[in-house]
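Given next are the chains, with one letter for each unit.
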Amino acid sequence: MASGVQVADEVCRIFYDMKVRKCSTPEEIKKRKKAVIFCLSEDKKCIVVEEGKEILVGDIGVTVFDPFKQFVQMLPEKDCRYALYDASFETKESKKEELMFVLWAPDQAPLKSKMIYASSKDAIKKKFQGIKHECQANGPEDLNRAYIADKLGGSLIVAFEGCPV
């Protein structure tokens, strides 16, 4: 079911920057986004970047000590959102970083909001070519390390964001 919602160019640019990782200098790496949250515009016609709802790689260890916990806390209790999270995880063989798309639809969100976000998900997913991992969360209990590790690779994952799972 399509909603006719558009995706802002800035959303696409942020996705591309997170996906490509063409960072060369330490300063550029610090400016790379670890997590970013998207919402619908006031008129509900466009998916935009939510102001102030991002975590930069350079913030980790300075103002953000647990980026995943901070990310979960940035999500609103009573409304829906889309998000991209640059997940760092380990398997028995290697360390990896891969993007995860999140549809946040908490149980306490209004039904109309849930319907608009669900029907607009295809619009944003079409712009996010190459996303390997996706999850829908209906509350903070759905966004725990074990659940995300399962979405990233199940029993192959031994650590997520530096913590054993």
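Residues numbered from 1 in each chain as written. Predicted model: local features only at pLDDT ≥ 70, side-chain atom pairs only at ≥ 80, totals over all residues. Heavy atoms only, no water.

The line we're drawing: UniProt positions are given in the numbering used here, feature names are shortened, and annotations may be inferred rather than shown by experiment.
An unreviewed UniProt entry lists the chain under the name Destrin, actin depolymerizing factor, with Gopherus evgoodei given as the organism. Note on the chain: under the UniProt heading Sequence similarities (unreviewed entry), the record states "Belongs to the actin-binding proteins ADF family."

### Focus on the pairing of strand β5 (residues 95–104)
Keep this limit in mind: Relative accessibility under 20% of the residue-type maximum defines a buried residue, over 50% an exposed one, and the middle range a partly exposed one, all with a 1.4 Å probe and only protein chains included. Only DSSP runs of H or I reaching four residues or more are called helices, and only runs of E reaching two or more are called strands; each is numbered from the N terminus. When DSSP finds two or more bridges between two strands, those strands count as paired.
Among the ten residues that make up β5, seven are buried, leaving the element largely enclosed by the rest of the structure. Sheet topology places strand β4 (residues 81–91) next to β5; ten bridges connect them, and they run antiparallel. Considered in β5, the bridge of A87 is made with E98. Direction of pairing for β5 relative to strand β6 (residues 133–137): parallel, over a ladder of five bridges. Bridging across to β6, W104 finds its partner in A137.

### Regarding the environment of A8
How we decide: Throughout, a contact is declared for two residues whenever any of their heavy atoms are within 4.5 Å.
Position of A8 relative to the elements: it lies in the loop between β1 (6–7) and α1 (9–20). We classify A8 as buried; its relative accessible area is 18%. In this structure, the C-alpha to C-alpha distance between A8 and I124, residues 116 residues apart in sequence, is 9.4 Å. Among residues more than four places away in sequence, those in contact with A8 are C46, I47 and V48.

### A look at the pairing of strand β7 (residues 157–160)
Here β4 runs beside β7; their pairing, made up of three bridges, is antiparallel. Residue pairing across strands places F89 opposite F160, the latter belonging to β7. Direction of pairing for β7 relative to strand β8 (residues 163–164): antiparallel, over a ladder of two bridges. Each bridged residue has a counterpart across the sheet, and for F160 the counterpart in β8 is C163.

### A few points about the nonpolar core
Spelled out, the test is: Grouping buried Ala, Val, Leu, Ile, Met, Phe, Trp, Tyr and Cys residues that are joined through side-chain atoms within 4.5 Å yields what is termed a nonpolar core.
V11, F38, I47, Y82, L84, I124 and F128 are the most contacted members of the largest nonpolar core, which has 27 residues in total. When residues of this core are traced back to their parent elements, those giving at least two are α1, β2 (33–40), β3 (46–56), β4, β5 and α4 (111–127). Setting aside residues no more than four positions away along its own chain, V11 makes contact with F38, I47, V48, V49, I124 and F128. Formed by 24 residues, the second largest nonpolar core is a distinct cluster that contains A35, I55, F71 and A137.

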